[in-house]
Amino acid sequence: MFKNILLATDGSEHAFRAAIKAAEVAKLSDDANITIIYVVDGSTSKSDVLSDGSKEAVYERRLRKIRPTEEILKQKQINYTVEILKGEPGPEIVRYANKQHFDIVVIGSRGLNKLQEMVLGSVSHKVAKRVECPVMIVK
């Protein structure tokens, strides 16, 4: 049913639970593939480089946020790929999902950025409103 799955993550607890659900959905099909997407906000990207000093250290820190998600998929023997993109998370996830024609997007209901969620509305809400395929929001 859902073979081409996009899993948005930011390293939060909700994203971790979304990874578990995405793995369960993928297990329903013999040849499902999950694309893990991690979007780095432009302003965060600049401050990360200034505070860490090197692009390599910043990249490694971002990969550490994704590793728990990768471990879940490895344990469940799910095929996956990882994409790290830059931009505003909501619109960037929508753009990527619509361009790649995923069967479903799985995303946590809340992420790491509580201020943005309160002021602008949650990333998951923006994704659910604008993506052209079904969206599973995991609490």
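Refer to the structure presented above.
Here is a short report on the structure shown in this document. Keep in mind the model is a prediction, meaning the values are calculated, not measured.

What counts as what
Residues numbered from 1 in each chain as written. Predicted model: local features only at pLDDT ≥ 70, side-chain atom pairs only at ≥ 80, totals over all residues. Heavy atoms only, no water. Helix = DSSP H or I, 4+ residues; strand = E, 2+ residues; numbered from the N terminus. Buried < 20%, exposed > 50% of the residue type's maximum accessible area, 1.4 Å probe, protein only. Contact = heavy atoms within 4.5 Å. Pairing = 2+ DSSP bridges. Phe/Tyr/Trp six-rings, centres within 6.5 Å; stacked < 30°, edge-to-face > 60°.

This part takes up the environment of P89. Tracing the chain through its elements places P89 in helix 4 (residues 89-100). On the basis of relative accessible area, P89 is assigned to the buried category, the value being 15%. In the structure, P89 is positioned 49 residues away from V40 in sequence and 7.0 Å away in space, judged by C-alpha atoms. When sequence neighbours within four positions are dropped, the list of residues in contact with P89 reads V39, D41 and V123.

Counting buried residues along strand 2 (residues 33-40), seven of its eight residues qualify, which places the element largely inside the surrounding structure. Pairing of strand 1 (residues 4-8) with strand 2 involves five bridges; the strand directions are parallel. Counterpart to A8 in the pairing with strand 2 is I37. Bridging between strand 2 and strand 3 (residues 79-86) involves eight bridges; their strand directions are parallel. Bridge assignment links I34 to a residue of strand 3, and that residue is Y80.

Right, let's talk about unusual backbone geometry for a bit. Positive phi is not limited to glycine here, since Q77 has a value of about 60°. Inspection of the secondary structure puts Q77 in the loop between helix 3 (55-75) and strand 3. For Q77, a relative accessible area of 67% translates into the label exposed. The phi torsion at H101 lies on the positive side, around 55°, for a residue other than glycine. As for its position among the elements, H101 is in the loop between helix 4 and strand 4 (104-108).

Before going further, it helps to spend a moment on the packing of aromatic side chains. Taken as a whole, this structure holds one aromatic pair when the rule is applied. Summarising the aromatic geometry, the rings of Y96 and F102 are spaced 5.9 Å apart at their centres and angled 35° between planes, so their arrangement reads as tilted. Of the two residues, Y96 and F102, neither departs from the other in class, the shared state being buried.

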